[in-house]
Amino acid sequence: MKSPLRRLVLPAAAGLALAGCASGIDGAQRRAWSAKELAAVRVDPAAAAADLNAYRTSKGLKPVRLDPALTAMAERQSKAMASTDAVSHDAAGSFPTRLAASGIDATEAAENLGGGYLSLGEAMSGWRHSPGHDANLLMAGGSRFGIAIAKNPNTQYGVYWAMEIAGEPPQAAAGQSGFLWGGPIGIR
């Protein structure tokens with residue numbers, strides 16, 4: 001298991017904070033995924049927004065809106081994880097690099113990843129019950145998000161989930177310098 005929180009400070013970037021952990025399933029626990037089982041797994045972005053916003057507003061936070069750029073970033077990340085059979089923040093490149101390549105300019109950004117969840121409800125429940133993931137779901141400055149899944153029946157997790165959460169672009173006068181990142185990974 002990786003450390004619960006790893007931080008990397010990079011100069012001249014917006015302030016980002018994430019926390020989390022990773023675990024894996026060894027070969028003896030590898031699961032066979034049926035085509036029917038995987039075909040039933042879907043993610044409805046509107047349902048994800050409703051679920052996430054109900055949770056955030058129950059905690060006194062503002063809702064987030066679905067963002068096309070963050071959704072595209074989540075799609076690329078989930079596909080990269082499915083193709084490499086790894087739940088990893090680096091599957092499609094480092095998180096800061098992927099943010100920049102996606103045109104995401106934000107003072108705060110976070111990423112929740114998961115593997116093996118067979119429904120949105122399972123993924124959200126898993127993330128809510130993990131302190132690092134939950135902190136991302138409840139990021140006070142969050143205002144937009146994207147979510148996606150990718151499937152590969154020939155992998156240990158079958159379904160790979162990615163959720164990107166970000167705040168608004170920084171104000172030029174704010175003078176932000178550097179960002180912190182780590183990144184939670186939720187694996188069922």
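Since the model is a prediction, treat every value here as computed from it, not as a measurement.

Draft legend 1. Region of interest: the pairing of strand S4 (residues 159-166). Within S4, eight of the eight residues are buried, which leaves the element mostly enclosed by the surrounding structure. Because side chains alternate across S4, one face comprises the buried residues Val 159, Trp 161, Met 163 and Ile 165, and the other comprises Tyr 160, Ala 162, Glu 164 and Ala 166, equally buried. Pairing of strand S2 (residues 109-115) with S4, which is carried by seven bridges, proceeds in the antiparallel orientation. Looking across to S4, one finds that Asn 112 is bridged to Met 163. As paired strands, strand S3 (residues 144-151) and S4 are joined by eight bridges and run antiparallel to one another.

Draft legend 2. Just the nonpolar core, in detail. Trp 127, Leu 137, Phe 145, Ile 147, Trp 161 and Met 163 are the most contacted members of the largest nonpolar core, which totals 25 residues. Counting only elements with at least two residues in this core, the list comes to helix H2 (45-58), helix H5 (120-128), S3 and S4. Look past the residues within four positions of Met 163 in its chain and what remains in contact with it is Leu 52, Ala 110, Glu 111, Asn 112, Met 124, Trp 127, Leu 137, Phe 145, Gly 146 and Ile 147. Ranked by size, the runner-up nonpolar core spans ten residues in total, among them Ala 82, Val 87, Ala 148 and Ala 150.

Draft legend 3. Quick look at the packing of H2 against H5. For the pair H2 and H5, interaxial distance at closest approach is 11 Å and the crossing angle is 30°. One element, H2, and the other, H5, form an angle in the roughly parallel class. Here H2 and H5 pass one another in a crossing that is right-handed. Across the interface between the two elements, Ala 47, Ala 48, Asp 51, Leu 52 and Tyr 55 of H2 pack against Leu 120, Met 124 and Arg 128 of H5.

Draft legend 4. Looking closely at unusual backbone geometry. Of note in the backbone geometry, Asp 85 takes a positive phi value of approximately 55° without being a glycine. Take Asp 85: it is sitting in the loop between helix H3 (68-84) and helix H4 (95-101).

Draft legend 5. Focus on the environment of Gly 126. Along the chain, Gly 126 turns up in helix H5. Distance in space between the C-alpha atoms of Gly 126 and Gly 114 is 8.6 Å, their sequence separation being twelve residues.

Draft legend 6. Just H3, in detail. Over its 17 residues, H3 extends 24 Å from the first C-alpha to the last, a length consistent with the 24 Å expected when each residue adds 1.5 Å. Of all the positions in H3, only Leu 70, Thr 71, Met 73, Ala 74, Gln 77, Ser 78, Ala 80, Met 81 and Ala 82 are classed as buried. Where H3 is buried, its residues contact strand S1 (65-66), H4, S2, S3 and S4. If you check the start of H3, you find a side-chain oxygen 3.0 Å away from the backbone N of Ala 69, and it comes from Asp 67. Positioned one or two residues after H3, Asp 85 has a phi angle of 55°, which is positive.

Draft legend 7. Region of interest: the pattern of salt bridges. Overall, the coordinates contain four salt bridges when judged by the stated rule. Between Glu 111 and Arg 98 there is a salt bridge, and its shortest N-O distance comes to 2.8 Å. Taken as a pair, Glu 111 in strand S2 and Arg 98 in helix H4 lie far apart in primary sequence, 13 residues in all.

Rules and cut-offs
- Residues numbered from 1 in each chain as written.
- Predicted model: local features only at pLDDT ≥ 70, side-chain atom pairs only at ≥ 80, totals over all residues.
- Heavy atoms only, no water.
- Buried < 20%, exposed > 50% of the residue type's maximum accessible area, 1.4 Å probe, protein only.
- Helix = DSSP H or I, 4+ residues; strand = E, 2+ residues; numbered from the N terminus.
- Pairing = 2+ DSSP bridges.
- Core = buried A, V, L, I, M, F, W, Y, C linked by side-chain atoms within 4.5 Å.
- Contact = heavy atoms within 4.5 Å.
- Axes fitted to C-alpha atoms, helices over the stretch in contact; angles between N-to-C directions.
- Parallel < 35°, antiparallel > 145°, perpendicular 65-115°, else oblique.
- Left-handed = near helix turned anticlockwise from the far one by under 90°.
- Expected span 1.5 Å × (residues − 1).
- Polar contact = N/O pair within 3.5 Å; in protein donor to acceptor, adjacent residues only side chain to side chain.
- Salt bridge = Lys/Arg side-chain N within 4 Å of Asp/Glu carboxyl O.

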